[in-house]
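# Examination of the molecular architecture
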Amino acid sequence: MASCCNPDIFSWIQSLPPITQWRASSMSICICSSPTSSHPSLNFSVTKNLENSSLSISIFADFNLPVPLWASKPLTINSKSSKLFDEATISCLTINVIKDVLNYGSNKKNPLIRFPKLESISGFKDIFNLAFLTLALLICIYEAPADLRSACLNSLKNQLTNCQSRVASKSLMKLLGSNLEEQWMRSLNLAITNWIAEIQATHRGLMMKTPSPLFSYAIATFGFWKVQLYCPVMAMDLVNSSNPCADERLLFSLNYHQLEGVIQFNYKVIVQEKWVDVMVNIDNIRCDIKRLVNETLLNERGVGADDKHFPSRISLQLTPTIQCNILSVSVSKSTDNPTREIGLERSIETSFDPPNTFLGLKVSAGETTTVSMKPWKFEQSVDGYSGTLHWFLHDSIDGREVVSSRPSKLSLINPKAWFKDRYSSVYRPFTRQGGVIFAGDDYGERIWWKVDKSAMGKTMEWEIRGWIWVTYWPNKHRTFYTETKRLEFGEILHLNIC
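In this text, all values refer to a predicted model and were calculated from it rather than measured experimentally.

Further remarks concern a nonpolar patch on the surface. A surface patch of nonpolar side chains, about 350 Å² in accessible area, is lined by L410, I413 and F480. Here F480 is to be found in the loop between β20 (459-472) and β21 (483-496). Residue F480 is classed as partly exposed on the basis of its relative accessible area of 43%.

As structure tokens, this is what we get:
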């Protein structure tokens, strides 16, 4: 296993002396090294070019004969600056790194990236280091020789998932904006999906723990909470499946997608005479299954883009972490008591049996019963001082929960089953893209806590934990295979009692 160098690339390039003081044409720092001398290290290098007064940044494998893995565009040296890497040079390098990370994804369009002045960006050093380590991870997955890749991937993963990097991730996503954030995560999770596929192919038949299964972050501002999350479908935990799937083309289509989720709540703090009400309302719950590769590849190596998982259950739990000031918790939705509409039409059928039967006449009566129901059932529950929100998808034919049931083989071959052509039917329980949106207009119920007035002026923490299930039932592809997967996430949100 690789030893982690924990490189601070930003500080290192900032401390480089003017090129006139260099004793060699290049300077380098280790990104990731192996504990044994027989394996190479992954190095970051800055090379000077005096002919055109420029610098070149590269990543290489430090064999006896160095193997180049990546190089930046030439960076012009500002002769008027006292620093070798001034703000303009670092900004160009950062944009170069971000674009190359995005280029590893399926969207090959050249994005327009603009940054404010670097001095105005809080924690830019950590943002730069995070972006660079992400690029190094992708290079290690796609470009590095096998012995170097196995030695360094876990080290880079650990650096990218530590507390410092998680804080920097939130700042980087804010800097990129929502559109580039989605492209960034699809590029990263495509690489992780390929990494998992390599692990599973190497250890076929063994249960291997998958790397970096989930990325999420939380934002809390006045009156608003938001949690954003991304997870490759291939990294989600398998809950159940009908049988081992031998259809490699189907597995390719299923695996090369990611789950993208957005959890948004509005909250109010209302000061009463003897206590404080904290009310949390649903703003938007969005869950989508997005492809990681283009449709051409899904058609060539898979069974197309229409056969993929769909959300089948979502559960969200909100809990105050310190409960000594909590007086009570309440939810606003009663237990469902659905109306059963009994049809008035009744029928009697008669038939005569052959003469040697006992009675010679059969009589049967029938009554039609109709139940009105929505495909998604919403419930609330309370456990201690935790309030939980549940959404369950139900089979529109027999009313069973999809997440805990399997369709019959007859329905799997029935072209008129509800889950066939499920993204184009007028009665579909999903968006046309295959996701779901629960908004405040239909699911505007709330959870509220009564808090003792001694909490006034304090900042309280709420933990949000969530579980999302996704299910595959065949859509256009002919198969009897079905499966359900699940992910779990957790974030801390803050709320000022004032």
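From this point, the discussion proceeds with the structure in view.
Here helix α7 (residues 248-255) lies mainly inside the structure; six of its eight residues are buried. Along α7, the residues that are buried comprise L250, L251, F252, S253, L254 and N255.

A separate point is the packing of helix α5 (residues 163-176) against helix α6 (residues 178-202). One way to put it is that α5 packs onto α6 with a least axis distance of 6 Å and a crossing angle of 125 degrees. By the angle between their axes, α5 is oblique relative to α6. Residues L172, M173 and L176 of α5 form the contact with α6, whose own contacting residues are S178, L180, E181 and W184. In terms of residue class, the contact of α5 with α6 is made up of five nonpolar, one polar and one charged.

Think of an α-helix as 3.6 residues a turn; residues three or four steps apart then line up on the same face. Here helix α2 (residues 87-103) spans 24 Å end to end across 17 residues, near enough to the 24 Å set by a 1.5 Å rise per residue. With 12 of its 17 residues buried, α2 lies for the most part within the structure. Listed in full, the buried residues belonging to α2 are T89, I90, S91, L93, T94, I95, N96, V97, I98, D100, V101 and L102.

On to the nonpolar core, then. Core analysis: the largest hydrophobic core is formed by 128 residues, its most contacted members being F85, F265 and W391. With 14 residues, helix α3 (residues 124-142) is the single largest residue contributor to this core. Three or more residues apiece are contributed to this core by two domains, here domain 1 (1-203) and domain 2 (213-349 + 366-497). Once residues within four sequence positions are removed from consideration, F265 is found in contact with G223, F224, W225, V280, N281, I282, D283, I285, L316, L318, L389 and I464.

Looking at the protein, the pLDDT average stands at 86 and 88% of residues meet or exceed 70. Averaged pLDDT values for the elements of the protein fall to 42 in strand β1 (residues 3-4) and rise to 97 in strand β12 (residues 310-320). Note that pLDDT drops below 50 for residues 342-347; the model gives that stretch 13 contacts with residues more than four away or on any other chain. In this model residues 356-370 is a low-confidence stretch, pLDDT under 50, and it forms 32 contacts with partners more than four residues away in sequence or in other chains.

Take the packing of aromatic side chains next. In the structure shown here, the tally under the stated rule is 21 aromatic pairs. Here the aromatic rings of F215 and Y230 are separated by 6.5 Å at their centres, their planes lie at 25 degrees, and the arrangement is stacked. Taken together, the residues span a long stretch of sequence, with F215 in strand β7 (residues 215-221) and Y230 in strand β8 (residues 224-232) at a distance of 15 residues. Since its relative accessible area comes to 17%, F215 is described here as buried. Overall, Y230 belongs to the buried group, its relative accessible area being 0%.

Reading across the sheet, the six strands line up as β9-β21-β20-β12-β17-β16 and stay open at both edges, with antiparallel pairing between neighbours. Each having just a single partner strand, β9 (237-241) and β16 (376-383) make up the two edges of the open sheet. Going across the sheet, the axis of each strand differs from the next one's by a mean of 20 degrees, ignoring polarity. In this sheet, β20 lies alongside β12 in antiparallel orientation, the contact comprising 10 bridges. Counted as the bridge partner of F310 is T471 from β20.

Inspection of the secondary structure puts A71 in strand β5 (residues 67-71). Taking relative accessible area as the criterion, A71 reaches 48% and is therefore assigned partly exposed. Residues A71 and I57, spaced 14 residues apart in sequence, show a C-alpha to C-alpha distance of 5.7 Å. Dropping the residues within four chain positions of it, A71 is found in contact with I57 and S58.

Reading the values: rules and limits
Residues numbered from 1 in each chain as written. Predicted model: local features only at pLDDT ≥ 70, side-chain atom pairs only at ≥ 80, totals over all residues. Heavy atoms only, no water. Patch = residues over 30% accessible without salt bridge, like charges linked within 9 Å, V, L, I, M, F, W, Y side chains within 5 Å. Areas by Shrake-Rupley, 256 points an atom, 1.4 Å probe, with all protein chains shown as cover. Salt bridge = Lys/Arg side-chain N within 4 Å of Asp/Glu carboxyl O. Helix = DSSP H or I, 4+ residues; strand = E, 2+ residues; numbered from the N terminus. Buried < 20%, exposed > 50% of the residue type's maximum accessible area, 1.4 Å probe, protein only. Axes fitted to C-alpha atoms, helices over the stretch in contact; angles between N-to-C directions. Parallel < 35°, antiparallel > 145°, perpendicular 65-115°, else oblique. Contact = heavy atoms within 4.5 Å. Nonpolar A, V, L, I, M, F, W, Y, C, P; charged D, E, K, R; others polar. Expected span 1.5 Å × (residues − 1). Core = buried A, V, L, I, M, F, W, Y, C linked by side-chain atoms within 4.5 Å. Domains from an automatic or database assignment. pLDDT = per-residue confidence, 0-100. Phe/Tyr/Trp six-rings, centres within 6.5 Å; stacked < 30°, edge-to-face > 60°. Pairing = 2+ DSSP bridges.

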